[in-house]
Amino acid sequence: MTSAAQDIQSAITVKGSADIVCDYLNYGINSILFQRGLYPPENFKPDENYGVTLWMTTDNKIKEFLLKTLDQLRNWLVDKAVKKVVLVIANVATLEVLERWDFNVEYEEDTLTNPDKVSSKPIKQIRNEIREILKQISASVSYLPLLDCLCSFDVQIYTKGDIDMPSEWNETAPAVIQNAQSVKMRSFSTNIHKMETIVTYKNDI
Amino acid sequence: MAQFKFWDDINSLLNMDGPVNGPAPRWLKKKEGASNSNTSSSNSSYNSSKLKSSSLNSTKTPSKGKSKTPSKTPTPNKACRTPGGDRFIPSRSASNLDLAYLKLMQDSTTKSESNSNKDVQKAIAENVFGTDITNQKILTYKNKAPTAPQGFQNPMKVLYTQVKTPASVKVNSRYIPQAPDRILDAPDIVDDFYLNLIDWGSHNILAAALGSHVYLWNADTGNIEQLMELEGNDYICSLSWIQDGFCLAVGTTNGTVELWDCSRSKKLRIMEGHSARVGSLAWNSYILSSGCRSGQIIHHDVRSREHVISTLSGHTQEVCGLKWSPDGKYLASGGNDNVLNIWQSVAGSYHSQTSPLHVFTAHQAAVKALAWCPWQPYILASGGGTADRHIRLWNCNTGSCVNSIDTKSQVSSLLWSTNYKELISGHGFVHNEIVIWKYPGMTRVAELMGHTSRVLHLAMSADGSTVLSAGADETLRLWKCFPKTKDKVKDVEKIKVKPSVLKQSIR
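Rules of the game
- Residues numbered from 1 in each chain as written.
- Chains lettered and ligands numbered in written order.
- Predicted model: local features only at pLDDT ≥ 70, side-chain atom pairs only at ≥ 80, totals over all residues.
- Heavy atoms only, no water.
- UniProt positions renumbered as here; feature names shortened; annotations may be inferred.
- Helix = DSSP H or I, 4+ residues; strand = E, 2+ residues; numbered from the N terminus.
- Buried < 20%, exposed > 50% of the residue type's maximum accessible area, 1.4 Å probe, protein only.
- Contact = heavy atoms within 4.5 Å.
- Areas by Shrake-Rupley, 256 points an atom, 1.4 Å probe, with all protein chains shown as cover.
- Buried area = accessible area lost by both parts, 1.4 Å probe.
- Salt bridge = Lys/Arg side-chain N within 4 Å of Asp/Glu carboxyl O.
- Polar contact = N/O pair within 3.5 Å; in protein donor to acceptor, adjacent residues only side chain to side chain.
- Pairing = 2+ DSSP bridges.
- Axes fitted to C-alpha atoms, helices over the stretch in contact; angles between N-to-C directions.
- Core = buried A, V, L, I, M, F, W, Y, C linked by side-chain atoms within 4.5 Å.
- Patch = residues over 30% accessible without salt bridge, like charges linked within 9 Å, V, L, I, M, F, W, Y side chains within 5 Å.
- Expected span 1.5 Å × (residues − 1).
- Phe/Tyr/Trp six-rings, centres within 6.5 Å; stacked < 30°, edge-to-face > 60°.

Where an unreviewed UniProt entry is consulted, chain B appears under the name CDC20/Fizzy WD40 domain-containing protein, with the organism given as Phyllotreta striolata. Under the UniProt heading Sequence similarities (unreviewed entry), the entry covering chain B gives this text: "Belongs to the WD repeat CDC20/Fizzy family."

As annotated in an unreviewed UniProt entry, chain A is Mitotic spindle assembly checkpoint protein MAD2A from Phyllotreta striolata. Under the heading Sequence similarities (unreviewed entry), UniProt records this for chain A: "Belongs to the MAD2 family." Annotation of chain A in UniProt includes, under Subcellular location (unreviewed entry), the sentence "Nucleus".

See the structure below:
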């Protein structure tokens, strides 16, 4: 009896898994915005999560942008339509793409065939995996080149071709960096979604 | 003769390029022997010796008879003995070059015909993006997040550019030319301490106001053109280039501020609001702050019709020095009332609050010379007029005076070097000199003499290497006092090239 109850407790549905992925992206993107110095540090406040302190933006416009984007992403994740999420950092003046954070979404084997798949991976283990990636993101400032100009960011979502485009969304061109170098971070998996994080940056020599 | 023939044969055996011709077959030799029967017996004896030798060469062949057939060549054994015999030598006879050539040519022609444009694109896309992009969409949310406020500098800069900031030069014996690099004439320059008549823009164009005219001198090409001319007895009181662009603000005696687009030599707009002449101007993004003889400072939003955003009344006399800090956080204003005010910018906006953050009254004369430190954006240098003669350094975060030094002469202008940790100041009576100071020690590095009347204004080129001084003797002098040294440039390159160790270890 008790074991059955526990099983139900630690079960992650597809929707729950999408929540975990979006939560990671929210913290990850905020962390990147702070660590890479895109916005003044005054606009961030510390937030303890995943066992590490993460800096979250207090700017309402950025918050709203991320909220809207991630809400939509969540729906697409449940529909298994997302291939990858890309955070693009570009120079405001020249519009040149300086840095790209790729969050590749993969679907674990039987997820695509079985829509009601339930993962039994302990949530604690997933959170530990996420923590390791967030630590790597924080540490990445030590080797990524300085963004020595005003930069803006954008989130692009790569989806399947047959998706309905919501009214407030646009199609764009992929962001390409010239003379790029990339570093792959760790990945985490909920046993439903698997997320890979890769940073690509302009190799200035 | 016979010996030569023997060597010929040996050579033909060793030679692997030519057509394969081993020892002549028996029937050929017999034929030969028959035709040459009248030759000496030594020939036949040679023949036997030759047979022996050839049989010796092909020791592994089981029978002697076989060794003399043309098909059996001693090549493998021979090849082993030749130096470099382990090389791969393709057999030419086995490869059909004509056919290969035909195939190659056919391939290239048929491929381009059969593959439609779409297929090629698909293949390229798969190679470049890893996936087939024809079957995917890239979507973004329309309402983008705002960018950081303009003038914001990446705080990570401290982490990265510790070496890049003008570290004090170890060798003090940097050669500073004592004579000006160039001298330009500046007829009719108004000899008034309270005006700001020179500005050197980011596009390497120097704007100079001479009486009622504004001239633009292109430092790259040396071209001079007249931008504008005021009518009547009016004269130009101040000039200021926008941080990045071709927009020039011009303050006049009748209290107006004109905006000019210098790429097209066209007047953009006239902004009124002051009751007296506008002697100082400072840009902060789209905000233009102007200081007036009445003591008022007005923030103009150059984009909007109602351009006056706010009016600051912190001075009782003419505002002659006005500078925004490089990060846009503070506005420093100095007046003829000997007061230096620091105004903090309104959070999230480019104009300042209406009450000063700090009021410094340490100067005993008009404060015209103001300069913000390029690498510590809260450090301000200010210089006082004839009765004061001091250069003072302020920390605007704490509101304290960090350093002060008596220069023994009126300070008309101050600039920070961007290439060295040094300041440069322009002076009046007695020596009319320009002094280079080391920061933070404030020791004199060099004194540049030459002006025969007081130095009114200083301006620095965009690359920081050249300083222009405008004197009341109606000359503009260009001093190459902060050259970028070769090893300095190299240093920067080195830093860029050298990848961090972490980059290699974090995977």
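A.B. asks: Could you clarify how one ought to interpret the overall build of chain B in this entry?
C.D. replies: Helices and strands together make up the secondary structure of chain B, namely 10 helices and 29 strands. Each of the 507 residues in chain B was classed as buried or not, and the buried ones make up 45%. In chain B, the share of contacts with a sequence separation of at least 24, taken over all contacts with a separation of at least 6, comes to 47%. When the accessible area of chain B is evaluated, it comes to approximately 26800 Å², of which 53% is carbon and sulfur surface.

A.B. asks: Looking at this structure, how should I read the interface of chain B and chain A?
C.D. replies: By a widely used convention, the size of an interface equals the accessible area lost when the partners come together. Residue-level contacts link 31 residues of chain B with 57 residues of chain A. Buried area between chain B and chain A, both sides added, is near 4100 Å², and the carbon and sulfur share of it is 61%. Where Asp154(A) meets Lys144(B), a salt bridge forms, and the shortest distance between an N and an O atom there is 2.9 Å. Along the contact surface separating chain B from chain A lie six residue pairs in polar contact (both at pLDDT 80 or more). Elements supplying a minimum of two residues to the side of chain B that touches chain A: β1 (136-141), α8 (157-160), α9 (486-497) and α10 (501-505) of chain B. Ranked by residue count, the leading element in the side of chain B that touches chain A is β1(B), at six residues. By the bridge criterion, three bridges tie strand β6 (residues 169-171) of chain A to β1(B) in an arrangement that is antiparallel. Its bridge partner being in β1(B), Glu171(A) is matched across the sheet by Leu139(B).

A.B. asks: In this structure, what is going on with the pattern of salt bridges? I would like to understand it.
C.D. replies: A complete count under the given rule lists 24 salt bridges over all chains for this structure. For Asp19(A), the salt bridge is made with Arg74(A), and the minimal N-O distance between the two is 2.8 Å. Pair noted here: Asp19(A) is in helix α2 (residues 14-35) and Arg74(A) is in helix α3 (residues 60-78), with a separation of 55 residues, a long-range link. With a relative accessible area of 25%, Arg74(A) lands in the partly exposed category. Where Arg389(B) meets Asp406(B), a salt bridge forms, and the shortest distance between an N and an O atom there is 3.7 Å. Note that Arg389(B) is positioned in the loop between β20 (379-384) and β21 (390-395) and Asp406(B) in strand β22 (residues 400-406), a separation of 17 residues in sequence. Here the residues in one salt-bridge network are Asp192(B), Arg277(B), Arg293(B) and Glu318(B), joined through shared partners.

A.B. asks: Explain unusual backbone geometry to me, please; I cannot follow it from the model alone.
C.D. replies: Phi is mostly negative for residues that are not glycine, and the peptide bonds are mostly trans. All names here are of chain B. With an omega dihedral of 15 degrees, the bond running from Phe429 to Val430 counts as a cis peptide bond. As for its placement among the helices and strands, Val430 is situated in the loop between β24 (422-427) and β25 (434-438). Of note, the phi angle at Asp188 is positive, near 65 degrees, even though the residue is not glycine. Structurally, Asp188 can be placed in the loop between β2 (182-185) and β3 (198-200). Positive phi is not limited to glycine here, since Asn204 has a value of about 65 degrees. The topology assignment puts Asn204 in the loop between β3 and β4 (205-210).

A.B. asks: Explain the sheet that holds strand β26 (residues 444-448) of chain B to me, please; I cannot follow it from the model alone.
C.D. replies: Note on sheets: strands pair through backbone hydrogen bonds, and any given pair is parallel or antiparallel. Residue and element names in this part refer to chain B. One open sheet holds the four strands; their spatial order is β23-β24-β25-β26, and the pairing between them is antiparallel. Each edge of the open sheet carries a strand with a single partner, namely β23 (411-416) and β26. The average angle at which neighbouring strand axes cross in this sheet is 20 degrees, direction not considered. The pairing of β24 with β25 spans five bridges and is antiparallel. Residue Ser425 lies in a different strand from β25, and its bridge partner there is Val435.

A.B. asks: Just to check I follow, could you spell out the environment of Arg277(B) for this structure?
C.D. replies: Residues and elements named next belong to chain B. Within the secondary structure layout, Arg277 lies in the loop between β10 (266-271) and β11 (278-284). For Arg277 and Ser294, which are 17 residues apart along the polypeptide, the C-alpha to C-alpha distance reads 8.1 Å. Apart from the residues lying within four places of it in its own chain, the contact partners of Arg277 are Asp192, Tyr194, Leu195, Tyr235, Cys237, Thr252, Thr253, Gly255, Gly291, Cys292, Arg293 and Glu318. A distance of 3.0 Å separates polar atoms of two side chains, one belonging to Arg277 and the other to Tyr235. Here Glu318 takes part through its side chain, which lies 3.1 Å from a polar atom of the side chain of Arg277.

A.B. asks: How do you make sense of the nonpolar core when you look at a structure like this?
C.D. replies: Ranked by internal contacts, the top residues of the largest apolar core, which has 62 residues, are Tyr24(A), Trp101(A), Phe103(A) and Phe153(A). The dominant element in this core, judged by the number of residues it contributes, is α2(A), at 11 residues. Residues within four places of Phe153(A) in sequence aside, it is in contact with Leu33(A), Leu38(A), Tyr39(A), Ile62(A), Phe65(A), Leu66(A), Leu87(A), Val88(A), Ile89(A) and Ala145(B).

A.B. asks: Just to check I follow, could you spell out a nonpolar patch on the surface for this structure?
C.D. replies: Nonpolar side chains collect at one region of the surface, where Tyr101(B), Leu104(B) and Met105(B) lie side by side and expose about 360 Å² of accessible area between them. Structurally, Leu104(B) can be placed in helix α6 (residues 97-114).

A.B. asks: Quick question: what am I supposed to make of α2(A) here?
C.D. replies: Since the α-helix turns once every 3.6 residues, residues separated by three or four places project in the same direction. Between its first and last C-alpha atoms α2(A) spans 31 Å; for 22 residues at 1.5 Å apiece the expected length is 32 Å, and the two agree. By the criterion of burial, α2(A) is predominantly enclosed, with 17 of the 22 residues buried.

A.B. asks: Mind showing me how you'd approach the UniProt feature "repeat: WD" (unreviewed entry) in chain B here?
C.D. replies: Residue and element names in this part refer to chain B. Look at the UniProt record and you will see "repeat: WD" (unreviewed entry) annotated at residues 236-270, 312-344 and 448-480. Taken end to end, residues 236-270 is 0% helix and 63% strand, and its first and last C-alpha atoms sit 14 Å apart. As annotated, residues 448-480 has a helix share of 0% and a strand share of 52%, and its two end C-alpha atoms lie 11 Å apart.

A.B. asks: Can you walk me through the side chain of Asn341(B) in this structure?
C.D. replies: Residue and element names in this part refer to chain B. Note on placement: Asn341 falls in strand β17 (residues 340-344). Reaching out from Asn341, the side chain makes a polar contact with the side chain of His315 at a distance of 3.4 Å. In contact with Asn341, other than residues within four places in its own chain, are Gly314, His315, Leu331, Ala332, Ser333, Pro356, His358 and Val359.

A.B. asks: Please clarify how the pairing of strand β6 (residues 224-229) of chain B should be interpreted in this entry.
C.D. replies: Regular strands place their side chains on alternate faces of the sheet. As paired strands, strand β5 (residues 213-218) of chain B and β6(B) are joined by five bridges and run antiparallel to one another. Directly across from Leu216(B), in β6(B), lies its bridge partner Glu225(B).

A.B. asks: Is there a simple way to think about the packing of aromatic side chains in this case?
C.D. replies: The description of an aromatic ring pair rests on the distance of the ring centres and on the angle between the ring planes. In the structure shown here, the tally under the stated rule is 19 aromatic pairs over all chains. Measuring from ring centre to ring centre gives 6.2 Å for Phe65(A) and Tyr141(B), while their planes differ by 50 degrees; the resulting arrangement is tilted. With Phe65(A) in helix α3 and Tyr141(B) in strand β1, this pair bridges two chains. An identical accessibility class is assigned to Phe65(A) and Tyr141(B); each is buried. With centroids separated by 5.3 Å and ring planes inclined at 75 degrees, the aromatic side chains of Trp76(A) and Trp169(A) adopt a geometry described as edge-to-face. Taken as a pair, Trp76(A) in helix α3 and Trp169(A) in strand β6 lie far apart in primary sequence, 93 residues in all.

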